[in-house]
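# Summary of structural features
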Amino acid sequence: MDLFERVKTVTEMCAVSGREHMAFAELKDKFGHMFDEIFTTATGSFVGIKRCGKENAPKLLFDAHLDEIGFMVKQICDGGFLKVTNIGGIDTKVLSAAEVWIHGKERISGVFASVPPHLKEGDGKQKLLLTDMVIDTGRSKEYLEENVQVGTVCSFKATTERLLGNHVVGKSFDDKICICTILGALDILADKDINVDLIAQFSGGEEIGYVGAATAGFTADPDYAVAIDVTNSFVPESPKRKEDNRLGNGGVISFSGTTSRPLTKRFIKAVDDAGIPYQVVGEPGRTGTNAQVLQILRSGVPTALISVPLKNMHTQAETACLDDVENVSRALAALAQSF
Amino acid sequence: MLKLTEKLCNLYGPSGLEDEVRNAIIEEISPYCEKIYTDKVGNLIAYKKGKKSTDKPLLFAAHMDEVGFMLQYISQDGYLYFDTIGGIDNSVIGGRRLVIGENKLLGVVASKAIHLQKPEERGMCIPISEMYIDIGCKTKEDAKKHVSVGDCGVFEPNFEEFGDGFIKSKAIDDRFGCAVLCTMIKEEREYDTMFVFTVCEEVGCRGAQTAAYSLNPECTVVIESTTAGDIYGVAAERRACKVGDGAVLTVMDGGTVYDKQFLDKAVTLAKENSINYQIKNTVAGGNDSRAFQTTAKGSRVLAISAPVRYIHSASSVVKKTDLEDVLALARLVADNGKEI
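Reading the values: rules and limits
- Residues numbered from 1 in each chain as written.
- Chains lettered and ligands numbered in written order.
- Predicted model: local features only at pLDDT ≥ 70, side-chain atom pairs only at ≥ 80, totals over all residues.
- Heavy atoms only, no water.
- Helix = DSSP H or I, 4+ residues; strand = E, 2+ residues; numbered from the N terminus.
- Rg over C-alpha atoms; globule rule 2.2 N^0.38 Å.
- Buried < 20%, exposed > 50% of the residue type's maximum accessible area, 1.4 Å probe, protein only.
- Contact = heavy atoms within 4.5 Å.
- Areas by Shrake-Rupley, 256 points an atom, 1.4 Å probe, with all protein chains shown as cover.
- Salt bridge = Lys/Arg side-chain N within 4 Å of Asp/Glu carboxyl O.
- Buried area = accessible area lost by both parts, 1.4 Å probe.
- Pairing = 2+ DSSP bridges.
- Polar contact = N/O pair within 3.5 Å; in protein donor to acceptor, adjacent residues only side chain to side chain.
- Phe/Tyr/Trp six-rings, centres within 6.5 Å; stacked < 30°, edge-to-face > 60°.
- Lys NZ or Arg CZ within 6 Å of the ring centre and 35° of its normal.
- Domains from an automatic or database assignment.
- Nonpolar A, V, L, I, M, F, W, Y, C, P; charged D, E, K, R; others polar.

## A few points about the overall build of chain B
Secondary structure assignment for chain B yields eight helices and 17 strands. In summary, chain B has a C-alpha radius of gyration of 21 Å against a globular reference of 20 Å for 340 residues, a match within 12%. On the principal axes, the C-alpha backbone points of chain B span a range of 65 × 45 × 35 Å. Here chain B holds 340 residues, and 61% of them are scored as buried. Put simply, 75% of the contacts in chain B that link residues at least 6 apart link residues at least 24 apart. Summed over its atoms, the accessible surface of chain B is roughly 12700 Å², and 48% of this surface lies on carbon and sulfur atoms.

In structure tokens form, the structure reads like this:
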């Protein structure tokens, strides 16, 4: 499976926050063979362990979250329409005409209705609020009442495709494309003699408050951890301080208030020594990633954060560069080999 | 007809660049026409011999073009700024995928990301002038190797069957009408009939105007797609029409008051033959009828339309039974049209 095929396979899986088990079987089927041991948790995480074969080897955990933003049905309406609420942060201004999967008893497709211009009230400058929007399913209310219920989850329906310059576009690159960075690191390390046991943690519930990383991380009990997430790249509307963080320049290693500076420095040295492209960013806050919970697991775990730069985050047209995915894999492998 | 509708919907054909659609239609109908030619502005005109000849053949019209986008500026960062070809509501553009230019490059429409929006900007539609297309190029030089100012785009082809008997696609307006005309041409017709596949409807019914002058029809039937506002929460009197209720006949829209006798005839034919039909209940929109009605000596006009939700978006939704009703009524009008 080449990198594009792998990214397509992983990112087209649906795993809305809190319902990550939707993707467990396929993950196990496609990638289970890469691990010595696999376990899943009650809080939506899929964890694979790859041992180095050495006694008392330290455990290095790589975390990427499996869950994605989505919607939850809150009302089945007349005429085959559904009212939904958001799971995670959604940009409502790109929802009109967007397609979704509705994960009822049967998986069916739907389209966010757009109000025809002649029906818009006032000057058309009203906010597009999710409370005013509906999903058109093209089904009868009877069918929907049989197959969908209040609480049924929905996810974006979008294929993953190539753009120019080794760029790709699709849904839920946040954060499934980072699962591919971990798989890529495991590929690189497959025939290498290393001194750490690797834990690949595809955690649940990140978008709804870092639920899975905290609990799966507790079980896995690592000695070191690296969170791999996406970060907003520079776009024309970005502030000046983001100007250097761009797609194609490598993984973005974060100096933050909630990560370990010694581990981050070790990470940067390993990446530098291996001649792998990377970028750095200073994030004084909590980073909005699993890094913040991994660092305070049990009695504390030195944690670093590396991110794949991304455009159009939390839309069905997230855009990333496969060069960055590859370079993050190489960076993670370099860190693992530094122990 | 469904297969043909799918094929035509997935083609690339913004106003002024209808070649791909025209070529596909020529291939489809050539063996069934007495005469077929492309006029000076790009309209495709076909004459069909009927069982009976007539000196005043009916004209059936559908437009080949679809709404789209035209590139206006390539930024230093390699982003493509654009404006729309035809009317596309701002709210359905952001986040969509487009195919651009002759090489059919994939691009996505981006605009100010949510993390950069001020609270008062959240949920607000962004003006087209602040949206841009990302094709994966990082510099102006790189982008210029692939696209040029003036290149056009359309929504990414995405035809699929949907729900209970629905279709979801871009460009149902009016490739569906083209499919109806093709189907009618392939069948035996009672009378000699003229058909025109027009260009540039979406930018002001320009093809229809020259076709009307050249063909000088006595009566014209426009096969179209029209906005169905039957979405949840919209009052019945504001819906215009409703999917599933059959072919839409229009008394008046934003451009035309339709011919009374012709309309009455269509209603009678629908009733006598148990074809589902509905009368559009708003005065809005417009189509090639206006051009046919007002060009040269003028023509009696009738529009038979399919009710389409989310028209002019990437995900228009139409019901298959409505398409069948439009085809059935169009056939009846064609084969009884002499008696208007």
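## Here's the deal with the pattern of salt bridges
Opposite charge on two side chains permits them to pair, given that their charged atoms come into close proximity. All names here are of chain B. Applying the stated criterion to the full structure yields 43 salt bridges over all chains. The partner of K52 in a salt bridge is E190, with the nearest N and O atoms 3.1 Å apart. Of this pair, K52 sits in the loop between β2 (44-48) and β3 (58-63) while E190 sits in the loop between α4 (172-186) and β12 (193-198), placing them 138 residues apart in sequence.

## Examining the interface of chain A and chain B
Facing 64 residues of chain A, the contacting portion of chain B comprises 57 residues. When the two sides are added together, the surface that chain A and chain B hide from each other amounts to roughly 4800 Å², 56% of it contributed by carbon and sulfur. Summed over the three residues of chain A that lose the most area to chain B, namely K93(A), L164(A) and E237(A), the buried surface amounts to 14% of that side. Taken together, the connections running from chain A to chain B amount to six salt bridges. A salt bridge links E99(A) to K168(B), with the nearest nitrogen and oxygen atoms 2.8 Å apart.

## Looking at the sheet that holds strand β6 (residues 99-103) of chain A
Residues and elements named next belong to chain A. Here six strands make up a closed barrel; going around it, the order is β4-β5-β8-β7-β6-β9 and the pairing antiparallel. Pairing between β6 and strand β7 (residues 107-112): five bridges, direction antiparallel. Bridging from a neighbouring strand, E99 pairs with V111 of β7.

## A short note on the side chain of K157(A)
Following the sequence through the fold, K157(A) ends up in the loop between β9 (153-156) and β10 (161-162). A relative accessible area of 15% places K157(A) in the buried class. Reaching out from K157(A), the side chain makes a polar contact with the side chain of E99(A) at a distance of 2.9 Å. Side chain to side chain, K157(A) and E160(B) meet in a polar contact 2.7 Å long. Those residues in contact with K157(A) that lie beyond four places of it in its chain are E99(A), V100(A), W101(A), S109(A), E160(B) and K168(B).

## Some remarks on the packing of aromatic side chains
Using the criterion set out here, one finds twelve aromatic pairs over all chains in the structure. Within the aromatic cluster, the residues linked to one another by ring pairs are Y73(B), Y79(B), Y81(B) and Y132(B). Across the ring face of F4(A), the terminal group of R162(A) is positioned such that the distance to the ring centre comes to 4.5 Å.

## Here's the deal with the domain arrangement of chain B
Residue and element names in this part refer to chain B. Domain annotation of chain B identifies domain 1 (2-66 + 170-339) and domain 2 (68-155). Taken over C-alpha atoms, the centre of domain 1 sits 31 Å from the centre of domain 2. Every contact between the two is made by 13 residues of domain 1 and, on the other side, 14 residues of domain 2. A combined buried area of about 1000 Å² lies between domain 1 and domain 2, and 69% of that area is made up of carbon and sulfur atoms. Ranking the residues of domain 1 by area buried against domain 2 places Y12, H312 and A314 at the top, with a combined share of 46%. Our enumeration of links across domain 1 and domain 2 arrives at one salt bridge. Here E20 makes a salt bridge to K104, at a shortest N to O gap of 2.9 Å. Inspection of the region where domain 1 meets domain 2 yields three residue pairs in polar contact (both at pLDDT 80 or more). Looking at side-chain class alone, the side of domain 1 that touches domain 2 contains five nonpolar, four polar and four charged residues.

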